[in-house]
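Below, each chain spelled out in residue letters.
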Amino acid sequence: MKSAKKSKLWRNVKNARYIYLLIFPAIVFYIIFNYIPMYGVRIAFQDFFPRLGISGSPSVGWDNFRYIFAQTEFWRAFRNTLVISLCRIALSFVFSVGTALILNEIRMRRFKKLAQTVFTFPHFLSWVIIAGFVNNLFMNTGVINNLVALFGGNRIDFLRNKGFFFGLLMFTEIWKEAGWGSIVYLATMAGIDAELYDAAEIDGASRFRRIVSVTLPGIRSTAVLLLILSTGSILTSGFDQIFNLYNPLVYEIADILDTYIYRTTFGTAQASNPGYGAAVGLFKSVVSCALVLLVDRIAKLTGERGII
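A. Looking closely at helix H9 (residues 162-190). The end-to-end C-alpha separation of H9 is 42 Å, in line with the 42 Å expected for 29 residues at 1.5 Å each. In the structure, H9 departs most strongly from a straight axis at Glu-177, where the bend amounts to approximately 45 degrees. A side-chain oxygen of the first residue of H9 lies 3.1 Å from the backbone nitrogen of Gly-163; this N-cap is Asn-161.

B. Representation of the packing of helix H12 (residues 220-231) against helix H16 (residues 275-301) within the structure. At a minimum axis distance of 8 Å, the contact between H12 and H16 shows a crossing angle of 160 degrees. Taken together, H12 and H16 sit at an angle that is classed as roughly antiparallel. H16 is crossed by H12, and the crossing has right-handed handedness. Residues Val-224, Ile-228 and Thr-231 of H12 form the contact with H16, whose own contacting residues are Ser-288, Leu-291, Val-292, Val-295, Asp-296 and Ala-299. Here the residues of the contact of H12 with H16 are counted per class, giving six nonpolar, two polar and one charged.

C. Spotlight on the side chain of Asn-247. One can find Asn-247 in the loop between helix H13 (239-245) and helix H14 (251-254). Here the side chain of Asn-247 touches Leu-159 through a polar contact of 2.9 Å, landing on its backbone oxygen.

D. Geometry of the environment of Ala-115. Structurally, Ala-115 is set in helix H6 (residues 109-120). You can call Ala-115 buried: its relative accessible area is 10%. As for Ala-115 and Ile-102, which are separated by 13 residues in sequence, their C-alpha atoms are 9.7 Å apart. Each residue touching Ala-115, except ones within four places of it in the same chain, is listed here: Leu-103 and Ile-106.

E. Structural context of the nonpolar core. Val-134, Phe-165, Leu-169, Ile-242 and Tyr-246 are the most contacted members of the largest nonpolar core, which totals 20 residues. Of all the secondary structure elements, the ones that give two or more residues to this core are helix H7 (127-138), H9, H13 and H14. With five residues, H7 is the largest single contributor of residues to this core. Apart from residues no more than four positions distant in its own chain, Phe-165 is found in contact with Leu-159, Leu-245, Tyr-246, Val-250, Ile-253 and Ala-254. With 15 residues, the next largest nonpolar core counts Ala-77, Leu-235, Ile-261 and Tyr-276 among its residues.

F. The arrangement of a negative patch on the surface in detail. On the surface, a cluster of negative charge is contributed by Asp-193, Glu-195, Asp-198 and Glu-201. With respect to the secondary-structure elements, Asp-198 resides in helix H10 (residues 194-202). A residue is classified by how much of its surface remains accessible, and Asp-198, at 43% relative accessible area, is partly exposed.

G. Just the packing of aromatic side chains, in detail. Throughout the structure, instances matching the rule amount to 25 aromatic pairs. On the numbers, 5.3 Å between centres and 45 degrees between planes, the contact of Phe-45 with Phe-65 is tilted. Of this pair, Phe-45 sits in the loop between helix H2 (17-35) and helix H3 (53-56) while Phe-65 sits in helix H4 (residues 63-69), and the two are 20 residues apart along the sequence. A relative accessible area of 25% means that Phe-45 is categorised as partly exposed. A ring pair is formed by Tyr-246 and Tyr-251, whose centres lie 5.0 Å apart and whose planes are at 40 degrees; its orientation type is tilted. Taken together through their ring pairs, the aromatic side chains of Phe-45, Trp-62, Phe-65, Phe-69, Phe-74, Trp-75, Phe-78, Tyr-260 and Phe-283 make up a single cluster. Here the basic side chain of Arg-51 rests over the ring of Phe-49, its NZ or CZ set 5.8 Å away from the ring centre. When the ring centre of Tyr-251 is taken as origin, the NZ or CZ atom of Arg-263, which lies over that ring, is 4.6 Å away.

What counts and how
Residues numbered from 1 in each chain as written. Predicted model: local features only at pLDDT ≥ 70, side-chain atom pairs only at ≥ 80, totals over all residues. Heavy atoms only, no water. Helix = DSSP H or I, 4+ residues; strand = E, 2+ residues; numbered from the N terminus. Expected span 1.5 Å × (residues − 1). Bend = angle between axes of the 7 residues up to and from the residue. Polar contact = N/O pair within 3.5 Å; in protein donor to acceptor, adjacent residues only side chain to side chain. Axes fitted to C-alpha atoms, helices over the stretch in contact; angles between N-to-C directions. Parallel < 35°, antiparallel > 145°, perpendicular 65-115°, else oblique. Left-handed = near helix turned anticlockwise from the far one by under 90°. Contact = heavy atoms within 4.5 Å. Nonpolar A, V, L, I, M, F, W, Y, C, P; charged D, E, K, R; others polar. Buried < 20%, exposed > 50% of the residue type's maximum accessible area, 1.4 Å probe, protein only. Core = buried A, V, L, I, M, F, W, Y, C linked by side-chain atoms within 4.5 Å. Patch = residues over 30% accessible without salt bridge, like charges linked within 9 Å, V, L, I, M, F, W, Y side chains within 5 Å. Areas by Shrake-Rupley, 256 points an atom, 1.4 Å probe, with all protein chains shown as cover. Salt bridge = Lys/Arg side-chain N within 4 Å of Asp/Glu carboxyl O. Lys, Arg positive; Asp, Glu negative; His and termini not counted. Charge placed at Lys NZ, Arg CZ, Asp CG, Glu CD. Phe/Tyr/Trp six-rings, centres within 6.5 Å; stacked < 30°, edge-to-face > 60°. Lys NZ or Arg CZ within 6 Å of the ring centre and 35° of its normal.

In structure tokens form, the structure reads like this:
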């Protein structure tokens, strides 16, 4: 019995050998960069010294976790991470779906391709480049303040204003990623049976009614799947974006766990113990895993397909 199952398994592998060959580089990538580095988790439980290495550094048990949990800055960063991530997920979902709906309704083929290019292009820009544009526009001697001064107004310190800075984070994220995020929804919309639209049109449904009754239900499963996947990165609020844009005066609303790890590990006197940063990183991973399992379970209870 076991021999027959084994034979069938190898036969299936042989038949799909080109598919396995295609995914082999991805498997190697994740093994090298995601699984092997898990050995470094030990640093979170050590008073780590580079000259001693991971195996030679003394163990301190849960002391690193007790230290970070006692820090007000850690809980501030944790709160900011949740707020920024939840806002980004909600706004990204709305604008990605909205962009996909707009592009899907365009009937002029050439204009549709042009619009897709325009919407997706910002995704390929580095946050360093975008931060340079933002600083040139909104810094004290930037374009906007020069125009304000030209008309007799007082210069405004935009980038140090907490309310403006939070809105700037949301706007730049949506501008950069909404078009790219719409690609998956566009692909799903392309797979919706055209007969459903024809039937709705025969029944007298308007274009808006067809979107509500046919298109949105057709992409619901994809939206739930992407929501589940996005919860895995809910504690990763975009280090590149915030690190390139923020400053100490907006730490209260913009300092997130990733920037906190960076400062704790490299930018302060605590750099002598990278275990603090490793402890925060491990905390992030555990919480993110728990959130993915929770959201996946909720999705299944509501009748949607999960990922596990």
